[in-house]
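Each chain is listed here by its residues.
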Amino acid sequence: MKYIIMVLLVLSNVVNANTIEFVVSGSPGGSDDTVTRRVTEYLEKKTNLKIVVINKPGASHTIAYNYVSDSDKQVLIASTPMIMKHEVYNKLNELFTLGNFSISVFTSTKSNIKTLDDLIELSKKRDIIFGHGGTLSYSYVGMKTICDNAKCLEVPYKSGAVGMLDLMSNQIDAYCIPSYGSTQFVENDKLRLIHSIKTDKTSFKIFSKNLSEENKRIILDVLKSLDSKFFVDMGF
């Protein structure tokens, strides 16, 4: 019996050594979640690592960051612009940058806003009602890029789908969403894609915490081998 217990403990340690949590600060099915799961799928396919995606949405990413900050497990987490303003940032190691996302700007086909210039012109008459995915999200950064040159009334949404529904019913003038999360809306005849934004503030970086040197090497080798099609499919 003692021998069996020892074997089980050894096996448990082996499993834990190769098990990594990839924490997502958004909800399942969201933009960050989609990219994280694609990366996880690729890593598991190419390695013997067990990577578990864990969603910790809410409180402008703070719930996820607090979880990672307190964790003693091997953890990966993708950055959002918010992460540098949280204390967890000082506990993380920057592992890999996938690239800079394009941010799509949509309007309703019912509106007279057919171009970015139309949106800017409208802002000279009144505030633009501009939807985005929450404070310091990627879509927020995209929205602020435009609103630096226009008067905007910001409307944060927890769900891109809800924001798009309000846009289609003309409750808001425009909505920003990362391009990799906008595929389902591009061919919707009720929505109009008027502009795309890409800046160094929309980079998708992967950070690690408590990752063993061996696992860090394995993951980096795989991420560096990603082909161009992966990045195109993800909107980089």
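Now for a description of the structure that goes with this document. Starting afresh in each chain, residues are numbered from 1 along the sequence in its written order. Where local features are concerned, this predicted model is filtered to residues with pLDDT of at least 70; where side-chain atom pairs are given and counted, the filter is 80 or more; whole-chain, interface and lining totals use all residues. Side-chain metrics rest on all non-hydrogen atoms present in the structure, leaving aside hydrogens and water.

1. Section: the state of the cysteines
Argument step 1. When two cysteine sulfur atoms are found within 2.5 Å, that pair is recorded as a disulfide. In total, this model carries one disulfide according to the counting rule given.
Argument step 2. Each sulfur in the disulfide pair Cys 147 and Cys 152 lies 1.9 Å from the other. Across the disulfide from Cys 147 to Cys 152, rotation about the S-S bond amounts to roughly -95 degrees, and the bridge is consequently left-handed.
Argument step 3. As a non-bridged cysteine, Cys 176 has Cys 147 as the owner of its nearest cysteine sulfur, 7.9 Å distant.
Argument step 4. Buried residues are those whose accessible area, probed at 1.4 Å on protein chains only, stays under 20% of the maximum for their type, while exposed residues exceed 50% and partly exposed ones sit between those limits. A residue is classified by how much of its surface remains accessible, and Cys 176, at 0% relative accessible area, is buried.

2. Comments concerning the side chain of Asp 173
Argument step 1. Numbering of helices and strands runs from the N terminus, with a helix taken as a DSSP run of H or I at least four residues long and a strand as a DSSP run of E at least two residues long. Relative to the assigned elements, Asp 173 resides in the loop between helix H6 (160-168) and strand E8 (174-178).
Argument step 2. We define a polar contact as two N or O atoms separated by no more than 3.5 Å, with the added condition that, inside protein, one atom must be a possible hydrogen donor and the other a possible acceptor, whereas residues neighbouring each other in sequence contribute only through side-chain atom pairs. Among the polar contacts listed, one links the side chain of Asp 173 to the side chain of Arg 126, at a separation of 2.8 Å.
Argument step 3. Among the polar contacts listed, one links the side chain of Asp 173 to the backbone nitrogen of Ile 129, at a separation of 2.8 Å.
Argument step 4. Note on definitions: a residue-residue contact is assigned when non-hydrogen atoms from the two residues lie within 4.5 Å. Non-local contacts of Asp 173, meaning those with residues more than four positions away in its chain, are made with Phe 106, Thr 107, Ile 113, Leu 122, Arg 126, Asp 127, Ile 128, Ile 129 and Leu 167.

3. Observations concerning the sheet that holds E8
Argument step 1. Spatial ordering of the open sheet is given by E7-E6-E8-E5-E9, a layout of five strands whose pairing is mixed. Sheet topology places strand E7 (152-156) and strand E9 (191-197) at the edges, where each strand pairs with a single neighbour. Each adjacent strand pair in this sheet contributes to an overall mean axis angle of 30 degrees, direction not counted.
Argument step 2. Pairing between strands requires that DSSP locate at least two bridges from one strand to the other. Sheet topology note: the strand E5 (residues 103-108)/E9 ladder contains six bridges and is antiparallel. Bridging from a neighbouring strand, Ile 103 pairs with Ile 197 of E9. Note on method: axes are straight lines fitted to C-alpha atoms, helices fitted across the in-contact stretch only, with angles between N-to-C directions ranging 0 to 180 degrees.

4. Some remarks on the sheet that holds strand E2 (residues 50-55)
Sheet strands pair by backbone hydrogen bonding; their relative direction is either parallel or antiparallel.
Argument step 1. Strand order in this open sheet of five strands is E2-E1-E3-E10-E4, and the pairing throughout is mixed. The strands lining the two open edges of the sheet, one partner per strand, are E2 and strand E4 (93-100). Neighbour-to-neighbour, the strand axes of the sheet open up by a mean angle of 20 degrees, direction not taken into account.
Argument step 2. With three bridges joining them, strand E1 (residues 19-24) and strand E3 (residues 75-78) adopt parallel strand pairing. Note on E3: the bridge partner recorded for Val 23 is Ile 77.
Argument step 3. Sitting on the sheet, helix H8 (residues 213-223) touches E1, E3, E4 and strand E10 (203-209), and the angle it makes with E4 is about 10 degrees.

5. Quick notes on the nonpolar core
Argument step 1. Counting residues in hydrophobic clusters, the biggest one holds 39 residues, and the most contacted among them are Val 39, Phe 130, Ile 206 and Ile 219.
Argument step 2. The greatest single-element share of this core, amounting to five residues, is contributed by helix H5 (residues 138-147).
Argument step 3. In this structure, Ile 219 is in contact with Ile 20, Leu 43, Leu 49, Leu 76, Leu 95 and Leu 211, ignoring residues within four places of it in sequence. What is meant by a nonpolar core is a set of buried Ala, Val, Leu, Ile, Met, Phe, Trp, Tyr and Cys residues, joined one to another through side-chain atoms within 4.5 Å.

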